Amino acid sequence: MSLTGTSFFVVLVVATVLAMIGTIALWTRVRGPKPVRWLAQAVMIAVCQLTAISVVATWINNSYGLYASWDDLMGTTNNANAVAMPGPPVQRAKFTHSTKGGVLDTYFHGQKSDLSGQVLVWTPPQYSQAAYRHQRFPVVMLLHGVPGSPQSWLEHGGMPGAFSDLLKQNKTHPFILVMPVVNPGSVDTDCTDLSHRKVATWMAQDVPDLINHRFRTLRGARGWGLMGFSTGGFCAAKLPLQYPKVFAAGAALDPDPLTGDASVLPDARIRRLNSPTYLVRQAKAPVSLFLATSREDRLSPPSNITAFRDAAASSPVTVRILVLPSGGHNYHTWSAEYSPAFAWLSQWLAAPH
């Protein structure tokens, strides 16, 4: 049973209700010596508390997308796969149909980064229509937070349905949506290339190689953009600055602090050189970045993105910021930012042609 599935949540709610009813019904019927009665009643109270806490914890997890699966919760996601199952190279990667929204699922090995990981892909309806048969499509890579996984976009982020709605309302270009794992092997580097783990190379070279090999994609930077939330938002702001020939635009939704995270990159020099705030001051290419947050988001306060905008003032980078009046660091806030984010990406990325 899926950790984030509706059926699991319903089972917990039913178990909580039954535990409460059973406790009320049996409380005065327990027989035996006083210590035995006390012990039985204590067990009943503990069962009620355990089931109630489980309901609340599951609701919080489903609302915030903290853990996408049982493996993610237990800390076993991809760890075994990274060693025991390196995955096939791009040429032999197989896509299978996911159970939701026509999403394709694959697991492959990147030859440039030497990393392996999951990638989900969704193509817009136009991709299969006769009128677009000979046209190539722009790509937006959707980057999840940490903890999380590509499925976070499906289970909690409302994709691809939320994007389909915007597409029907003509608020965005038709994009191929690509959801790669941002922490292959469950090791978070803030999408940074380290000597032993080249995650930036995985994101900017290996994943595009896979998608270009299997789909009709627009080539060049104006055919590729990024959108991410939390840690994924940090990466969406960072990667266009590091790889302007690959990504022309990025949309960072409630990003992690744009000066870097010492708990992820303890080395101060590596952290500074790979922070979006440092990179935007050194930028030479005219990429465009959209940064959004909420006044109530304590993990991504407005001061983070306004400071970044100030740092970009003398650079060729175009920056737009959006600060919502309310909302926390959660999917409710991020989904409210989808429409302006995709509109921005549609402005700076090419349409299918």
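Owing to the predicted nature of the structure, the values given are computational and were not obtained by experimental measurement. (Residues numbered from 1 in each chain as written. Predicted model: local features only at pLDDT ≥ 70, side-chain atom pairs only at ≥ 80, totals over all residues. Heavy atoms only, no water.)

Chemist: Mind showing me how you'd approach the packing of aromatic side chains here?
Modeler: Aromatic ring pairs are reported here in terms of the distance separating the ring centres and the angle at which the planes meet. Going through the model one piece at a time under the given rule, you end up with 16 aromatic pairs. With centroids separated by 5.3 Å and ring planes inclined at 55°, the aromatic side chains of Tyr-127 and Phe-137 adopt a geometry described as tilted. Note that Tyr-127 is positioned in the loop between β3 (116-122) and β4 (139-143) and Phe-137 in the loop between β3 and β4, a separation of 10 residues in sequence. Phe-137 matches Tyr-127 in its accessibility class, with the two residues each being buried. An aromatic cluster is defined as three or more aromatic residues linked by ring pairs; in this entry it consists of Phe-95, Tyr-127, Tyr-132, Phe-137 and Phe-215. Residue placement shows Arg-216 over the ring face of Tyr-127; its charged tip is 4.2 Å from the ring centre. (Phe/Tyr/Trp six-rings, centres within 6.5 Å; stacked < 30°, edge-to-face > 60°. Helix = DSSP H or I, 4+ residues; strand = E, 2+ residues; numbered from the N terminus. Buried < 20%, exposed > 50% of the residue type's maximum accessible area, 1.4 Å probe, protein only. Lys NZ or Arg CZ within 6 Å of the ring centre and 35° of its normal.)

Chemist: Help me out: how do you make sense of the state of the cysteines in this one?
Modeler: Here a disulfide denotes a covalent bond joining the sulfur atom of one cysteine to the sulfur atom of another. Within the structure shown, the criterion is met by one disulfide. One disulfide in the model links Cys-191 with Cys-235; its S-S distance is 2.1 Å. The sign of the S-S torsion, about 95°, decides the handedness of the disulfide formed by Cys-191 and Cys-235: right-handed. Taken as a pair, Cys-191 in the loop between β5 (176-180) and β6 (193-194) and Cys-235 in helix α8 (residues 231-242) lie far apart in primary sequence, 44 residues in all. Taking relative accessible area as the criterion, Cys-191 reaches 1% and is therefore assigned buried. Among the residues examined, Cys-235 registers a relative accessible area of 0% and is labelled buried. (Disulfide = S-S within 2.5 Å.)

Chemist: Honestly, the pairing of strand β10 (residues 288-294) in this entry has me stumped. Any pointers?
Modeler: In regular strands, side chains alternate between the two faces of the sheet. Most of β10 is tucked away, with seven of its seven residues classed as buried. Residues Ser-288, Phe-290, Ala-292 and Ser-294 point to one face of β10 and Leu-289, Leu-291 and Thr-293 to the other, with burial holding for every one of them. Here strand β9 (residues 249-253) pairs with β10 via five bridges, running parallel. Residue pairing for β10: Ala-249 is matched across the bridge by Ser-288. Summarising the sheet, β10 and strand β11 (residues 318-324) pair through seven bridges and their orientation is parallel. Bridge pairing in β11 links Ser-294 to Leu-324. (Pairing = 2+ DSSP bridges.)

Chemist: How should I be thinking about helix α6 (residues 161-168) in this particular structure?
Modeler: Since the α-helix packs 3.6 residues into each turn, any two residues three or four apart lie on the same face. Restricting attention to buried positions, one finds in α6 the residues Phe-163, Ser-164, Leu-166 and Leu-167. Within α6, the buried residues cover an arc of 160° as seen down the axis, which keeps them to one side. Against β3, β5 and α12 (331-348) lie the buried residues of α6. Two residues or fewer past α6, Asn-170 is found with a positive phi of approximately 60°. (Arc of directions from axis to C-beta. Contact = heavy atoms within 4.5 Å.)

Chemist: What is the right way to read the pattern of salt bridges from this model?
Modeler: Side chains bearing opposite charge may pair, as long as their charged atoms lie close to each other. Enumeration over the complete set of coordinates arrives at one salt bridge. When the shortest N-O distance is used, the salt bridge between Asp-209 and Lys-112 registers 2.6 Å. Note that Asp-209 is positioned in helix α7 (residues 199-214) and Lys-112 in the loop between β2 (104-109) and β3, a separation of 97 residues in sequence. Since its relative accessible area comes to 46%, Lys-112 is described here as partly exposed. (Salt bridge = Lys/Arg side-chain N within 4 Å of Asp/Glu carboxyl O.)

Chemist: Would you explain the nonpolar core in this entry?
Modeler: Core analysis: the biggest nonpolar cluster contains 34 residues, and Val-119, Val-121, Met-141, Val-178, Met-203, Ile-211 and Leu-239 have the highest contact counts within it. Among the secondary structure elements, those contributing two or more residues to this core are β2, β3, β4, β5, α7, β8 (224-229) and α8. Excluding anything up to four places from it in sequence, Leu-239 contacts Cys-191, Ala-200, Met-203, Leu-226 and Phe-247. With 33 residues, the next largest nonpolar core counts Trp-122, Met-179, Ala-292 and Trp-334 among its residues. (Core = buried A, V, L, I, M, F, W, Y, C linked by side-chain atoms within 4.5 Å.)

Chemist: How should the side chain of Arg-271 be read in this particular structure?
Modeler: Examined against the element boundaries, Arg-271 turns out to sit in helix α9 (residues 268-273). Buried and unpaired, Arg-271 has no salt bridge, with Asp-267 as the nearest side chain of opposite charge at 6.7 Å. Polar side-chain contacts of Arg-271 include one of 3.3 Å to the backbone oxygen of Pro-266. (Lys, Arg positive; Asp, Glu negative; His and termini not counted. Polar contact = N/O pair within 3.5 Å; in protein donor to acceptor, adjacent residues only side chain to side chain.)

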